[in-house]
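The lines below spell out each chain.
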Protein chains: 2
Amino acid sequence: MFVIVSSMTPRPTHESRRERPAKPALSHDRIVAAAVRVMRTEGLRRVTMRRLATELDTGPASLYVYVANTAALHAAVLEELLGEVDLGPVAAPGEWRERLAAVLVSYTRVLFAHPELAHSALVARPAGPHYLALVEGVLALLHEGGVPGGQAAWGVDVLLQVATATAAEQSARQDDDAAKEEHHALVRALAEAPPGTHPRIAALGDDLTSGTPHQRLRWIFQAVVNGTSATPREAT
Amino acid sequence: MFVIVSSMTPRPTHESRRERPAKPALSHDRIVAAAVRVMRTEGLRRVTMRRLATELDTGPASLYVYVANTAALHAAVLEELLGEVDLGPVAAPGEWRERLAAVLVSYTRVLFAHPELAHSALVARPAGPHYLALVEGVLALLHEGGVPGGQAAWGVDVLLQVATATAAEQSARQDDDAAKEEHHALVRALAEAPPGTHPRIAALGDDLTSGTPHQRLRWIFQAVVNGTSATPREAT
DNA sequence: ACCTGAACACCGTTCAAGT
DNA sequence: ACCTGAACACCGTTCAAGT
């Protein structure tokens, strides 16, 4: 029995590494996996080179062999998370507009779950397989809806941008007290704008800030899809 | 003559302050003014509590009497900069769509000049007079164009959001080598996507990344205005 | 009330030196 | 080639103590 156990234990390559299990080699994948882990447990704010170095039991300088900088690290985390977007509606039956909205809502839901990530997604667009699959899915649905190619090509960008920006905004408010206060200040400023100098703001009143985030998001998707579908590229 | 000069020199209130001119008292305005100064000369990245404290010849803790945190500071800088947006087209003659596009282009131009600010503008919407004036101007033009109030109320948000996000993205690429490389990676990934799995991306090819930033921006504004104008709120 | 020194708890990134 | 220690040059924010 002793013999069997002994034969199952991998012999360390170097005598000097006998004490603990050999430290697994660093790699881009291992760093990103650690980053996702830290983000889920401590938030993206803690996904720093130094924190990750600690997590991987090394020094911060070592990470620069595999990751160019902090922004690239965050982009890689986003690409990983994008795997959670439900692209099922692309191939499902039903009205194309409804299915497109469903995909975009799924995308925003993923970002909502990770507020700070949405913020970084606005600047650092990922270029990985999950992002490409999302773009392909949106394009397929616009194509099915008869949207001309040139318009779809530019429209997909706007749709994802609007979805990302909305998620970044809403979710920042969700768990940041200062952001919440800032939003209240805007609502108040809009409500108190003098009709003399701000007739349109006064005329619209509460309407400017009406609706739930979900209602607004649905309308925004509809409006951008309609605009994309109806606006020829040569118009300008 | 000696007497005259002497009488023109303001007597210091306290003997102990005689040596140098009295340090002017801190205030929100003085802090924001210093922040704008530092941003123009060193970039928003240097607009930190500590840098500003140095600039104002005090310690970082002192600033917290007037500014809640760094995000609020950046929002105040943005509000200040928004004073540069040209709202002339609002009251000028001409086609309303053209004038609306002109206002939005002016807005993005201001943000383009200060890349990092655009980024922060996506999260921290200012609530100051310059921002209100911009919202009022956009609403006035949508009203002139016969866009129903409810749609204009929600549309103004989308228009400013899309303008801000585009500025943040384009301008980040403008002066950040890493961001430039990231964009190239995306262009490459789109160009190399296999037609088998990504038929729509392959079909559109270069079209996905075609056009100058200005051309794309013009089309985006047109499309969002068209969508806002054509999409009733009860649709969803 | 306003201001501050000092401290706490962190950052990103580079580079020469090691294996 | 890969990895690292150590250093450089910074951060935001709080709090007890002073004026």
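These numbers come from a predicted model, not from an experiment.

**Student:** Go over the packing of helix α7 (residues 96-112) of chain A against helix α13 (residues 213-230) of chain A, please, and point to the residues and values.
**Tutor:** All names here are of chain A. Running from N to C, α7 and α13 cross one another at 125°; their axes reach a closest spacing of 10 Å. It follows from the interaxial angle that α7 and α13 lie oblique. The chirality of how α7 crosses α13 is right-handed. Facing α7, whose interface residues are W96, R97, E98, L100, A101, L104, V105 and T108, α13 presents H214, L217, R218, F221, Q222, V225 and N226. In terms of residue class, the contact of α7 with α13 is built from eight nonpolar, four polar and three charged.

**Student:** Lay out the packing of aromatic side chains with the relevant residues and their values.
**Tutor:** Within this structure, the stated rule accounts for two aromatic pairs over all chains. Taking the centre distance of 5.9 Å and the plane angle of 80° together, the rings of W154 of chain A and W219 of chain B count as edge-to-face. Residue W154 of chain A is found in helix α10 (residues 149-175), and its partner W219 of chain B is found in helix α13 (residues 213-230); the two belong to separate chains. By the burial criterion, W154 of chain A is buried, and W219 of chain B matches it. The cationic tip of R233 of chain A hangs over the ring face of W154 of chain A; the distance from NZ or CZ to the ring centre is 3.9 Å.

**Student:** So what's going on with the nonpolar core? Which residues, and what values?
**Tutor:** Inside soluble globular proteins, nonpolar side chains tend to come together where they are buried. Core analysis: the biggest nonpolar cluster contains 138 residues, and L100 of chain A together with L100 of chain B have the highest contact counts within it. L100 of chain B has contacts with V138, L141, L142, L159 and V225 of chain B, leaving out every residue within four places of it along the chain.

**Student:** Account for the relation of the copies chain B and chain A, naming residues and giving values.
**Tutor:** If you rotate chain B by 180° and push it 0.0 Å along the axis, it lands on chain A with an RMSD of 0.0 Å. The operation mapping one copy onto its partner corresponds to a two-fold rotation axis. Proximity to the rotation axis, assessed at the C-alpha, singles out G227 of chain B in chain B; its C-alpha lies 1.9 Å from the axis. Mapped onto chain A, 98% of the interface residues of chain B again fall at the interface, so both copies present the same surface.

**Student:** Kindly report on the protein's contact with DNA strand C, identifying the contributing residues and their values.
**Tutor:** Surveying the vicinity of DNA strand C reveals 16 residues, the closest of which are R50 of chain A together with T58, A61, S62 and Y66 of chain B. The protein-proximal atoms of DNA strand C, defined as those within 4 Å of the protein, are 52% sugar or phosphate. Measuring from a phosphate oxygen of DNA strand C, one finds a backbone N or O atom of T70 of chain A at 3.3 Å. Listing elements by their share of the surface near DNA strand C, those giving two or more residues are α3 (49-55) and α4 (60-63) of chain A together with α4 (60-63) of chain B. Here the surface near DNA strand C takes three residues from α3 of chain A, the largest share from any one element. Across the surface near DNA strand C, the residue classes break down as seven nonpolar, five polar and four charged.

Rules used in this analysis
Residues numbered from 1 in each chain as written. Chains lettered and ligands numbered in written order. Predicted model: local features only at pLDDT ≥ 70, side-chain atom pairs only at ≥ 80, totals over all residues. Heavy atoms only, no water. Axes fitted to C-alpha atoms, helices over the stretch in contact; angles between N-to-C directions. Helix = DSSP H or I, 4+ residues; strand = E, 2+ residues; numbered from the N terminus. Parallel < 35°, antiparallel > 145°, perpendicular 65-115°, else oblique. Left-handed = near helix turned anticlockwise from the far one by under 90°. Contact = heavy atoms within 4.5 Å. Nonpolar A, V, L, I, M, F, W, Y, C, P; charged D, E, K, R; others polar. Phe/Tyr/Trp six-rings, centres within 6.5 Å; stacked < 30°, edge-to-face > 60°. Buried < 20%, exposed > 50% of the residue type's maximum accessible area, 1.4 Å probe, protein only. Lys NZ or Arg CZ within 6 Å of the ring centre and 35° of its normal. Core = buried A, V, L, I, M, F, W, Y, C linked by side-chain atoms within 4.5 Å. Least-squares fit on C-alpha atoms with pLDDT ≥ 70 in both. Near = heavy atom within 4 Å. Polar contact = N/O pair within 3.5 Å; in protein donor to acceptor, adjacent residues only side chain to side chain.

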